[in-house]
Amino acid sequence: LPVKTYEVVPVEVDRHTRKLAQLTMDLLTAEGISLEKAIGQEGKGLGVAFEAISQLRKALAAAKIPAMLDLVTECEEEGEPVLVFSYHRPPIDALADRPGWAVITGDTPATARTLIEGEFQAGGLKGLGLTIQAGGTAMTLTRAHQAIFVDEAWTPALNEQAQDRLCRIGQTRGVIIKRLVAEGTLDERVAEILGEKQAIISATVDAAR
């Protein structure tokens, strides 16, 4: 399989979102909850604290849309097809009406998914936006060798499956995975934790081969 290269793209978010991020971190501190625990348990039993984290992550995803669009524009200008993944809907919805683009979300019927996949692979689309839950499996999208992850699922396996839509048999180039990370927020620590968890999983898989 082709080599994956990971790039972190720092994103400066607006003052309101940064303030929301700080309030959420203050809540976690007051409750004695670490991000590692929240991610490891996927929110089970954390109640209001986890709801606050979930709302913040959705706000951060939306705040990163301008940076996402800048990267998308660069790829278009270079004539480079690209995939955009997000755990949350707003970034993908922002691509729905973009000329030359299609999106796949939980609302996309199976027949439409197949048609969109075929159109992208045949060169009929500039790019494709996908939610990780809806577009992370059962498709081959090897025409792109670049993917932008606006935000990620808290389960590393889901993110890995999404990456494998372009990093699979039939890919002729090295794959570049760009992760957008909001500077000065818990987004940075979440990215670190997910990276650490994925490294452990990858090492375990490699050792079992």
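Residues numbered from 1 in each chain as written. Predicted model: local features only at pLDDT ≥ 70, side-chain atom pairs only at ≥ 80, totals over all residues. Heavy atoms only, no water.

J.: Whenever I open this one, helix α8 (residues 156-163) confuses me. Can you help?
T.: It helps to recall that an α-helix has 3.6 residues per turn; residues three or four apart then point in one direction. Listed as buried for α8 are P156, N159, A162 and Q163. When α8 is viewed along its axis, its buried side chains cluster within an angular range of 120 degrees and face the same direction. (Buried < 20%, exposed > 50% of the residue type's maximum accessible area, 1.4 Å probe, protein only. Helix = DSSP H or I, 4+ residues; strand = E, 2+ residues; numbered from the N terminus. Arc of directions from axis to C-beta.)

J.: Please clarify how the pattern of salt bridges should be interpreted in this entry.
T.: Note on pairing: side chains with opposite charge can pair once their charged atoms come close. Scanning the model with the defined rule gives 10 salt bridges in all. Among the salt bridges present, the one from R89 reaches D93, with a minimum N-O distance of 3.1 Å. Here R89 and its partner D93 are both found in helix α5 (residues 89-93), four residues apart, which amounts to about one turn of the helix. Across the pair R189 and E196 runs a salt bridge whose closest N-O atoms are separated by 3.6 Å. Taking the relative accessible area as the measure of exposure, E196 reaches 42% and is therefore partly exposed. Beyond isolated ion pairs, a larger network of salt bridges with shared partners links K4, E160 and D164. (Salt bridge = Lys/Arg side-chain N within 4 Å of Asp/Glu carboxyl O.)

J.: What exactly am I supposed to notice about the environment of M25 here?
T.: Tracing the chain through its elements places M25 in helix α1 (residues 15-31). Residue M25 is classed as partly exposed on the basis of its relative accessible area of 28%. The sequence separation of M25 and P90 amounts to 65 residues, and the corresponding C-alpha distance is 23 Å.

J.: Got a minute to help me understand empty space enclosed by the protein in this structure?
T.: Empty pockets left among the atoms are what a rolling probe the size of a water molecule brings to light. All told, the structure shown has two cavities of 30 Å³ or more when counted by the stated rule. Its volume calculated, the largest cavity comes out at about 110 Å³. Lining the largest cavity are 13 residues, with D151, E152, L180, D187 and A191 positioned closest to its centre. When residues of the lining of the largest cavity are traced back to their parent elements, those giving at least two are β6 (175-182) and α9 (186-208). The element that contributes the greatest number of residues to the lining of the largest cavity is α9, accounting for four residues. Of the residues assigned to the lining of the largest cavity, the class counts are seven nonpolar, no polar and six charged. In this structure, the second largest cavity occupies an estimated 50 Å³ of space. The set of elements that each furnish at least two residues to the lining of the second largest cavity consists of α8 and α9. With four residues, α8 is the largest single contributor of residues to the lining of the second largest cavity. Looking at the lining of the second largest cavity, its residues break down into two nonpolar, four polar and three charged. (1 Å grid on protein atoms, 1.4 Å probe; cavity = no way out; pocket = protein on both sides within 12 Å on 5 of 7 lines; lining within 4 Å. Points joined across faces, edges and corners; volume = space filled by probe spheres on them. Nonpolar A, V, L, I, M, F, W, Y, C, P; charged D, E, K, R; others polar.)

J.: So what exactly am I meant to see when it comes to the sheet that holds strand β4 (residues 127-131) here?
T.: Spatially, six strands are ordered β1-β6-β5-β2-β4-β3 in an open sheet, and the strand pairing comes out parallel. Of all the strands in the sheet, the pair left with one neighbour each is β1 (4-11) and β3 (101-104). Averaged over all pairs of adjacent strands, the angle between their axes in this sheet comes to 20 degrees, without regard to strand direction. Sheet topology note: the β3/β4 ladder contains four bridges and is parallel. (Pairing = 2+ DSSP bridges. Axes fitted to C-alpha atoms, helices over the stretch in contact; angles between N-to-C directions.)

J.: Sorry if this is basic, but what is going on with the packing of aromatic side chains here?
T.: In this description, a pair of aromatic rings is defined by centroid distance and the angle of the planes. Scanning the model with the defined rule gives one aromatic pair in all. With a centroid separation of 5.0 Å and 20 degrees between ring planes, the pair formed by F85 and F149 is classed as stacked. Of this pair, F85 sits in strand β2 (residues 82-86) while F149 sits in strand β5 (residues 146-149), placing them 64 residues apart in sequence. Comparing F85 with F149, the two get one shared label, buried. Across from the ring centre of F120, 5.0 Å away, lies the NZ or CZ of R143, which sits over that ring. (Phe/Tyr/Trp six-rings, centres within 6.5 Å; stacked < 30°, edge-to-face > 60°. Lys NZ or Arg CZ within 6 Å of the ring centre and 35° of its normal.)

J.: Sorry if this is basic, but what is going on with the layout of surface pockets here?
T.: Here the second largest pocket defines a volume of roughly 160 Å³. Together, 10 residues line the second largest pocket, and F50, R57, Y87, A153 and W154 are the ones closest to its centre. Element by element, the count of residues in the lining of the second largest pocket is highest for helix α3 (residues 47-63), at three residues. Residues that form the lining of the second largest pocket fall into these classes: five nonpolar, three polar and two charged.

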